[in-house]
Amino acid sequence: MAGDAGESDLSIQQRFNPEGMCFGCGPANPAGLHLRSFSAGEVVVAEVVIPSRYQNGYGIANGGVVTMLLDCHTGAVLVDELHGYDWADHPPFLTYHLDVSLNRPTPLETPLRIEGRLAERRSTELVVAAEIIGPDGKATATIRAGWRPVLRRL
């Protein structure tokens, strides 16, 4: 339980936005997937199991659910990258663009690893790259996501 965990046991999502209601990563959403991302040096990692109820009708994960998890994870990379950013006095960041490749079927009811890292820092956005890695060690899906602050330059 989050209340019983030490600071190091809390995910980026739990530390940054414990009342978050995002379906993919919001700790407070009772129906959500509760993605939990953790800093691991130069990379941010998460483990996730996609329940079978989020299939595409053919026994694999729905592409929209896969995309949502990747988008959520890139947000965690952003928060980790901007450690110390004054979130209270500045507008939040929003996803500006997503470039997703669904490389192979993403399995359901199977532990998957998500890895993400900052790919590029521009004056108006941060670009984050991430991938879902299946049990065979191969990427099932990849993303490059651009994040921009609302009404503010970096």
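What comes next is a walk through the structure. (Residues numbered from 1 in each chain as written. Predicted model: local features only at pLDDT ≥ 70, side-chain atom pairs only at ≥ 80, totals over all residues. Heavy atoms only, no water.)

With respect to the helices and strands, I50 occurs in the loop between β2 (43–49) and α2 (63–81). Placed 12 residues apart in sequence, I50 and N62 show a C-alpha to C-alpha distance of 9.5 Å. (Helix = DSSP H or I, 4+ residues; strand = E, 2+ residues; numbered from the N terminus.)

Scanning the entire structure with this criterion turns up zero disulfides. Free of any disulfide, C25 has its nearest cysteine sulfur in C72, 3.8 Å distant. What makes C25 buried here is its relative accessible area of 15%. (Disulfide = S-S within 2.5 Å. Buried < 20%, exposed > 50% of the residue type's maximum accessible area, 1.4 Å probe, protein only.)

Turning to the sheet that holds β2, a few remarks are in order. Taken in spatial order, the six strands of this open sheet run β1-β2-β4-β5-β6-β3, and their pairing is antiparallel. With one partner strand each, in any of the chains shown, β1 (37–40) and β3 (93–102) form the two edges of the open sheet. Neighbour to neighbour, the strand axes of the sheet diverge by 25 degrees on average, direction disregarded. Looking at chain direction, strand β5 (residues 126–133) and strand β6 (residues 139–149) are connected through eight bridges and run antiparallel. Considered in β6, the bridge of E131 is made with T142. Against the sheet, α2 engages β1, β2, β3, β4 (111–121), β5 and β6, with an angle of about 50 degrees to β6. (Pairing = 2+ DSSP bridges. Axes fitted to C-alpha atoms, helices over the stretch in contact; angles between N-to-C directions. Contact = heavy atoms within 4.5 Å.)

Counting 33 residues, the largest nonpolar core has L35, I50, L69, L70 and I114 as its most contacted members. Mapped by element, the contributors of at least two residues to this core are β2, α2, β4, β5 and β6. Looking at which element gives the most residues to this core, the answer is α2, with nine residues. When neighbours within four sequence positions are excluded, L35 is seen to be in contact with Q13, G24, C25, A46, V48, L69, C72, H73 and I114. (Core = buried A, V, L, I, M, F, W, Y, C linked by side-chain atoms within 4.5 Å.)

All right, on to the environment of V43 then. Tracing the backbone shows V43 in strand β2. Setting aside its immediate chain neighbours within four residues, V43 contacts F38, E115, G116 and R117.

The next point concerns the packing of aromatic side chains. Under the defined criterion, the tally for this structure stands at one aromatic pair. Judged by centre distance (5.8 Å) and plane angle (75 degrees), the ring pair of F23 and Y54 falls under edge-to-face. Of the two residues, F23 is situated in the loop between α1 (12–16) and β1 and Y54 in the loop between β2 and α2; the sequence distance between them amounts to 31 residues. For Y54, a relative accessible area of 16% gives the class buried. In this structure, R148 is placed above the aromatic ring of Y96, and the distance from its NZ or CZ to the ring centre is 3.4 Å. (Phe/Tyr/Trp six-rings, centres within 6.5 Å; stacked < 30°, edge-to-face > 60°. Lys NZ or Arg CZ within 6 Å of the ring centre and 35° of its normal.)

By themselves these figures say nothing about function.
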